[in-house]
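Report on the structure
What follows is the residue order along each chain.
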Amino acid sequence: WRSLIRMDQEQARRLFSGGAFLVLLDVPQNTEIGIDYNSWRSGPNFMGIKMIPPGLHYIYYSAVNNTGQAAPRTGFFHYFRKQETLVYRWDANNEDVTDDGVTMEMVARISAGIRDIDKQLGAYPYDSLKTWYSLTNHISESLMTRLQPLNQKITSVTQLLTDQTKDHMGLEEQDHMIMGGTFAGVGDFPSLAKVPALSQKDCLHLIKDHTASIRFTAIPSQKHPEGSSPSDISRHNMDLTYTLTSMLTGCYDNGVDDLLGEVQFAFVCFLIGHVYEAFDQWKKMVWLLCSCEEAIATQHELYSSFISVLHFQLKHTPKDFFVDIVSRDNFLTVTLKNFFANLEDCVGAGQDLVKRELNEFAPTVID
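These remarks concern the structure in this document. Numbering of residues starts from 1 in every chain and runs along the sequence as written. With the structure being a predicted model, the display of local features is reserved for residues of pLDDT at least 70 and the display and counting of side-chain atom pairs for 80 or more, all residues being used for whole-chain, interface and lining totals. With hydrogens and water set aside, each side-chain value is computed from the structure's full complement of heavy atoms.

Attention now goes to the overall build of the protein chain. Helix numbering and strand numbering both begin at the N terminus, where a helix is a DSSP run of H or I of at least 4 residues and a strand a DSSP run of E of at least 2. From N to C terminus, the protein chain includes 16 helices and twelve strands. Type-normalised accessible area, obtained with a 1.4 Å probe on protein chains alone, sets the label of each residue: buried when under 20%, exposed when over 50%, and partly exposed for intermediate values. Residues counted as buried form 49% of the 367 residues belonging to the protein chain. Any two residues having at least one pair of non-hydrogen atoms within 4.5 Å are treated as being in contact. The contacts of the protein chain with a sequence gap of at least 6 include a subset with a gap of at least 24, amounting to 72%. By element, 51% of the accessible surface of the protein chain is carried by carbon and sulfur atoms, the whole surface being about 18800 Å². Surface accessibility follows the Shrake-Rupley procedure with a 1.4 Å probe radius. Residue values consider only the protein chains on display as shielding.

Both faces of strand β2 (residues 32-35) are covered, namely the face carrying Glu32 and Gly34 and the face carrying Ile33 and Ile35. When DSSP finds at least two bridges between two strands, those strands are taken to pair. Relative to strand β3 (residues 38-41), β2 runs antiparallel, the two sharing four bridges. Across the sheet, Ile35 pairs through a bridge with Asn38, a residue of β3. Two successive antiparallel strands, β2 and β3, enclose a turn made up of two residues, where Asp36 displays a positive phi of approximately 60 degrees. Note: β2 against strand β5 (residues 55-62), four bridges, orientation antiparallel. Bridge pairing in β5 places Ile35 opposite Ile59.

So, on to the pattern of salt bridges. One speaks of a salt bridge when a side-chain nitrogen belonging to Lys or Arg is within 4 Å of a carboxyl oxygen belonging to Asp or Glu. Tallied over the entire structure, the rule returns seven salt bridges. Glu32 is the salt-bridge partner of Arg73, the closest N and O atoms lying 2.7 Å from each other. Here Glu32 lies in strand β2 and Arg73 lies in the loop between β5 and β6 (74-80), a separation of 41 residues in the sequence. Given the relative accessible area of 13%, Glu32 is considered buried. In this structure, Asp118 and Lys50 form a salt bridge, with 2.7 Å as the shortest nitrogen-oxygen distance. Placement of the pair is Asp118 in the loop between α2 (104-112) and β9 (121-123) and Lys50 in strand β4 (residues 48-52), with a sequence separation of 68 residues. For Lys50, a relative accessible area of 12% gives the class buried.

A separate point is the pairing of β4. Of all the five residues making up β4, five are buried; the element is thus mostly covered by neighbouring parts of the structure. Two strands pair when backbone bridges link them, and strand β1 (residues 20-25) and β4 are joined in this way by three bridges, in the antiparallel orientation. Residue pairing for β4: Val23 is matched across the bridge by Gly48. As paired elements, β4 and β9 share three bridges and run parallel to each other. Pairing of Gly48 across the sheet is with Leu121, part of β9.

A few words on the sheet that holds strand β7 (residues 85-91). Strand pairs in the sheet, formed through backbone hydrogen bonds, run parallel or antiparallel to each other. Read from one edge of the open sheet, five strands run β8-β7-β1-β4-β9, paired in mixed fashion. What marks the edges here is a single partner per strand, and that holds for β8 (96-98) and β9. If you compare each strand with its neighbour and ignore which way they point, the axes differ by 25 degrees on average. With five bridges joining them, β1 and β7 adopt parallel strand pairing. Each bridged residue has a counterpart across the sheet, and for Leu24 the counterpart in β7 is Tyr88. Docked against the sheet, α2 engages β1 and β7, running at close to 115 degrees with respect to β7. Comment: axis = line fitted to C-alpha atoms, over the contacting stretch for helices; angle = value between 0 and 180 degrees taken between N-to-C directions.

Running from N to C, helix α13 (residues 300-315) and helix α15 (residues 331-345) cross one another at 150 degrees; their axes reach a closest spacing of 14 Å. Relative to α15, α13 is oriented roughly antiparallel. By crossing handedness, the relation of α13 to α15 is classed as left-handed. Contacts between α13 and α15 involve Tyr303, Phe306, Ile307, Leu310 and Leu314 on the former and, on the latter, Leu332, Leu336, Phe339 and Leu343. In the scheme used here, Gly and all other residues not listed as nonpolar or charged are polar, with Ala, Val, Leu, Ile, Met, Phe, Trp, Tyr, Cys and Pro taken as nonpolar and Asp, Glu, Lys and Arg as charged. When the residues that make up the contact of α13 with α15 are grouped by side-chain class, the tally is nine nonpolar, no polar and no charged. Any angle between 65 and 115 degrees counts as roughly perpendicular, while under 35 counts as roughly parallel, over 145 as roughly antiparallel, and the rest as oblique. Crossing handedness is defined as follows: a turn of the near helix away from the far one that is anticlockwise and smaller than a right angle gives a left-handed crossing, while the clockwise case is right-handed.

What follows is the structure in structure tokens.
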């Protein structure tokens, strides 16, 4: 935390009084803790993060063993209010944070005495705040709530259940998992602690825990209107404007902003959360947006903003990231080549706006 940006006392006081606080109790030393674009290893006196700017943030963590090897990353999004104090404690049994046992009275007491633990709170790294905003500026609080898993935790490994696990759950617990709600692990359901170790046979019946899945928007499988002629079907399969329009009108409360917000949400979940499922969704949405010749020519504000989103995603990604991941199937090369061709062909009153964004974006791709 000593490497964080230095600021004068007046600025620090202003940020302290206007920012939010994340208090993490009983976190073991050397645990990986991160917020947004930065992560660190916790020290012996670590109790959380202070001066968090109001708005959307992503908190993540990994337990670390005695040899320094980190466990798979777990995290969650939270929309902080001004001067909010968010309190979690470390659950050693599950190597996860939880709000079990964190009462309203405890939160009020910690909030009232926040200055008493000031030296045990690391300062939010304001030098990277602009980077974070550029990667998340379209993600609203409502979109965050809709996309986050029902259990409110985003994990880099697939969460699985067995029939045996379900057999040890009471009806109320099964209903809880089916209907959603907060699920923080075994601590929520004491009966799960009685589940014996899995046998080889049990492993053949593992099922995905749907409460732990990010609730991404499904891309419509039907890419043409009902009753389309064969030639129209072919056209709609090549130009995905109909699919894009269907999503904008039927899937998002805030239309364009929510669609771009999901592109950003998926990217952050993969880049920072290490969730491969999110990378797959990001690819699908980028391919969709790049394959809409008619929409590119008519929805200028959407595509001007989309180019900006892609620009910052590529700009703030490690250079070897796409070399190691994306280029395996040449996804980025093929998709952007198609996009640039459609952009060059677009005509209309707003074409200059879109092409101006393209001229600023192209050097980022080339570099």
